[in-house]
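# Residue-level structural notes
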Amino acid sequence: LHTKRGEEMHTLLAAEIVDFEDEPCLLSSTVDITERKQLADALAAGKARLRAVIENTDDSVWSVDVGYRFLAGNSVFARSVQQQIGRPLAVGDCVLDAPFPLSARDFWQPLYDRALAGESFMVEMLSSLRSGGTLACYMNPIYAADGTIAGVSGRTTDITELKLYQQLLQDA
């Protein structure tokens with residue numbers, strides 16, 4: 001709909017046929033949902049921008065909440081998880097529970113706990129998917145609007161070539 005001033009207006013229309021003095025009549029009601037629609041559009045646009053950022057990398061990017069439950073991840077992360085456990089993670093899956101092996105929990109939980117305590121840090125690790133590859137894993141707390149820690153964001157990037165060049169420089 002458009003208002004008299006030419007502004008676009010989104011409405012929700014409900015209608016029902018009712019009997020009024022033995023005559024069928026149409027009873028209708030409209031509710032202005034323009035603000036709700038604008039908020040939904042803004043949220044969708046924000047999600048699209050975020051998705052564009054995390055998908056525009058060869059790094060694995062993911063996040064978990066304070067209960068170690070998976071929140072979001074990019075396609076690189078999804079492929080990595082698929083290779084490791086044979087299925088994708090669903091939002092809400094605990095990243096420390098089966099089907100991940102206990103050794104994975106023993107490795108990852110202290111890292112998540114450090115970030116949940118407010119620390120941002122990087123650790124180097126050997127890739128479990130690429131023989132001999134080295135990854136840099138960046139862990140950062142996610143802060144809620146009220147300043148409390150709401151979760152952890154993680155990012156791993158392959159630094160195998162960097163490590164090889166460092167070794168070549170040390171050997172020279």
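Predicted, not measured: the structure shown is a model, and the values here were computed from it. Residue indices follow the written sequence of each chain, beginning from 1 at its first position. Whole-chain, interface and lining totals are the exception, using all residues; otherwise, since this is a predicted model, local features are given only for residues with pLDDT of at least 70 and side-chain atom pairs are given and counted only at 80 or more. As a rule here, side-chain values come from all non-hydrogen atoms in the structure, and water together with hydrogens is ignored.

## A word on the side chain of Thr157
Helix and strand definitions here come from DSSP, where helices need a minimum of 4 consecutive H or I residues and strands a minimum of 2 consecutive E residues; each element is numbered from the N-terminal end. Examined against the element boundaries, Thr157 turns out to sit in strand E7 (residues 149-158). Exposure classes here rest on a 1.4 Å probe applied to the protein chains alone. A residue is buried below 20% of its type maximum, exposed above 50%, and partly exposed in between. Relative accessible area serves as the criterion here: at 17%, Thr157 is assigned to the buried category. For Thr157, the side chain forms a polar contact with the side chain of Asp59, separated by 2.7 Å. Residues contacting Thr157, with those up to four places away along its chain left out, are Asp59, Thr134, Leu135, Ala136 and Tyr138. Under the rule applied, a polar contact is a pair of N or O atoms within 3.5 Å (in protein, one hydrogen donor and one hydrogen acceptor; residues adjacent in sequence only if both atoms are side-chain atoms). The contact criterion used is simple: two residues touch if any of their non-hydrogen atoms lie within 4.5 Å.

## Considering the environment of Gly118
As for its placement among the helices and strands, Gly118 is situated in the loop between helix H3 (102-116) and strand E5 (121-126). Exposure remark for Gly118: the relative accessible area of 29% places this residue in the partly exposed category. Remark: the alpha-carbon pair of Gly118 and Gly151, spanning 33 residues in sequence, is separated by 9.8 Å. Those residues within four positions of Gly118 in sequence are excluded, and the remaining contacts are Pro141, Tyr143 and Ile149.

## Some points on a negative patch on the surface
Grouping into patches uses exposed residues only, defined as over 30% relative accessible area, and leaves out salt-bridged ones; the cut-off is 9 Å for like charges and 5 Å for nonpolar side chains (Val, Leu, Ile, Met, Phe, Trp, Tyr). Here, Shrake-Rupley sampling with a 1.4 Å probe gives the accessible areas, and only protein chains in the shown set may cover a residue. What counts as a salt bridge is simple: a side-chain nitrogen of Lys or Arg found within 4 Å of a carboxyl oxygen of Asp or Glu. Think of it this way: Lys and Arg go in the positive column, Asp and Glu in the negative one, and His and the chain ends go nowhere. All charge positions are set by atom: Lys at NZ, Arg at CZ, Asp at CG, Glu at CD. Together, Asp19, Glu21, Asp22 and Glu23 give the surface a local cluster of negative charge. Mapped onto the secondary structure, Glu21 falls in the loop between strand E1 (11-20) and strand E2 (23-32). On the basis of relative accessibility, which here comes to 66%, the residue Glu21 falls in the exposed class.

## Structural notes on the nonpolar core
Most often, soluble globular proteins keep nonpolar side chains buried together rather than apart. Residues Trp62, Leu89, Val95, Trp108, Tyr112 and Met139 are the most contacted members of the largest nonpolar core, which totals 25 residues. If you list the elements that add at least two residues to this core, you get strand E3 (60-65), helix H2 (75-85), H3, E5 and strand E6 (134-143). Contacts of Val95, omitting those with residues within four sequence positions, involve Val64, Tyr68, Phe70, Leu89, Phe100 and Tyr112. Nonpolar core, defined: a set of buried Ala, Val, Leu, Ile, Met, Phe, Trp, Tyr and Cys residues in which side-chain atoms within 4.5 Å join the residues together.

## Structural notes on the environment of Ala115
Take Ala115: it is sitting in helix H3. The class of Ala115 is buried, set by a relative accessible area of 0%. Ala115 sits 71 residues away from Ala44 along the chain, and the two C-alpha atoms are 28 Å apart. Not counting residues up to four positions away in its chain, the partners in contact with Ala115 are Phe121, Met139, Asn140, Pro141, Ile149 and Val152.

## Focus on the pairing of E6
Two strands qualify as a pair provided that DSSP identifies no fewer than 2 bridges between them. For E5 and E6, the ladder comprises six bridges, and the chain directions are antiparallel. The residue bridging Leu126 from the neighbouring strand is Thr134, located in E6. Pairing of E6 with E7, which is carried by nine bridges, proceeds in the antiparallel orientation. Each residue of the ladder has a partner; that of Met139, found in E7, is Gly154.

## Things to note about the packing of aromatic side chains
Between the rings of Phe, Tyr and Trp (Trp by its six-membered ring), a pair exists once the centres lie within 6.5 Å; its type follows the angle of the planes, with under 30 degrees stacked, over 60 edge-to-face, and the other angles tilted. Scanning all chains against the criterion turns up six aromatic pairs. Both rings, one in Trp62 and one in Phe77, keep their centres 5.2 Å apart while their planes meet at 15 degrees; by these two values the pair is stacked. Separated by 15 residues along the polypeptide, Trp62 in strand E3 and Phe77 in helix H2 bring together distant segments of the chain. Take Trp62: its relative accessible area is 4%, and that puts it in the buried class. Phe77 sits in the buried class, given a relative accessible area of 12%. In textbook terms, an aromatic cluster arises when at least three aromatic residues are bridged by ring pairs, as seen for Trp62, Tyr68, Phe70, Phe77, Phe107, Trp108 and Tyr112.

The analysis is restricted to geometry; functional conclusions fall outside its scope.
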